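The primary structure of each chain is shown beneath.
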Amino acid sequence: MAWDSSRPVPWRRLIREWLIYVGIMAAVFLIFMRDNSLIGIMAGLLVSGPLYLAFGAVLAKFGYTRKTMKQLRTEAPVRGATSKAAADPLAPRPKPAPTKRTSGSGTRPKRR
């Protein structure tokens, strides 16, 4: 898609996702990196915020929108119903298309 400056940017969603990421990563770093200095790590996490927001805003202006969790939950039963029918082991399988190795190509010598 092309750039469209009139497309809205979901700022609240971007900020919320980044805050969740920072919270999880800060907890992980605090747990596993107790012995090291955390100043550089926390500075890196804080610098990632503007980068994430800028990248997300550019993608939104190009038309990229991810589905929300609510949308994914509502379409999950629909996908599950079709995949169960396709994976049914008792359903008859269609015959495969003939190939050279299954004598379906007609190049077999005729019987005398």
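In this report, we go over the structure that sits alongside the text. (Residues numbered from 1 in each chain as written. Predicted model: local features only at pLDDT ≥ 70, side-chain atom pairs only at ≥ 80, totals over all residues. Heavy atoms only, no water.)

1. Details of the packing of aromatic side chains
- Applying the stated rule across the entire model yields one aromatic pair.
- Ring geometry for Trp3 against Phe62: centres 5.3 Å apart, planes inclined by 85 degrees, an arrangement best described as edge-to-face. Pair noted here: Trp3 is in the segment before α1 (11-32) and Phe62 is in the loop between α2 (39-61) and α3 (69-86), with a separation of 59 residues, a long-range link. (Phe/Tyr/Trp six-rings, centres within 6.5 Å; stacked < 30°, edge-to-face > 60°. Helix = DSSP H or I, 4+ residues; strand = E, 2+ residues; numbered from the N terminus.)

2. So, the layout of surface pockets
- Put simply, the largest pocket is a space of about 250 Å³.
- Every residue lining the largest pocket is counted, 13 residues in all, and those nearest its centre are Pro10, Leu14, Gly56, Tyr64 and Arg66.
- Listed by contribution, the elements that provide at least two residues to the lining of the largest pocket are α1 and α2.
- Broken down by element, the residue count for the lining of the largest pocket peaks at five residues, all from α2.
- The class makeup of the residues in the lining of the largest pocket is eight nonpolar, two polar and three charged. (1 Å grid on protein atoms, 1.4 Å probe; cavity = no way out; pocket = protein on both sides within 12 Å on 5 of 7 lines; lining within 4 Å. Points joined across faces, edges and corners; volume = space filled by probe spheres on them. Nonpolar A, V, L, I, M, F, W, Y, C, P; charged D, E, K, R; others polar.)

3. Re α2
- Here α2 contains 23 residues, and its C-alpha end-to-end distance of 34 Å stays within 8% of the 33 Å for a straight helix at 1.5 Å per residue.
- Where the residues of α2 are buried, they touch α1.
- Two residues or fewer past α2, Gly63 is found with a positive phi of approximately 105 degrees. (Expected span 1.5 Å × (residues − 1). Contact = heavy atoms within 4.5 Å.)

4. Brief notes about α1
- With 22 residues, α1 ought to run about 32 Å at 1.5 Å a step, and its terminal C-alpha atoms sit 31 Å apart, in line with that.
- Restricting attention to buried positions, one finds in α1 the residues Leu14, Trp18, Val22, Ala26 and Phe29. In an axial view of α1, the angular spread of the buried residues amounts to 95 degrees, which keeps them on one side of the axis. For α1, exposure combined with an orientation more than 90 degrees from the buried face picks out Arg12, Arg16 and Ile31.
- The inward-facing, buried residues of α1 abut α2. (Buried < 20%, exposed > 50% of the residue type's maximum accessible area, 1.4 Å probe, protein only. Arc of directions from axis to C-beta.)

5. Brief notes about the nonpolar core
- Ranked by size, the top nonpolar core spans five residues in total: Val9, Leu14, Leu53, Ala57 and Ala60.
- By residue number, the principal contributor to this core is α2, which donates three residues.
- Residues in contact with Ala60, not counting those within four places in the same chain, are Arg7, Pro8, Val9 and Pro10. (Core = buried A, V, L, I, M, F, W, Y, C linked by side-chain atoms within 4.5 Å.)

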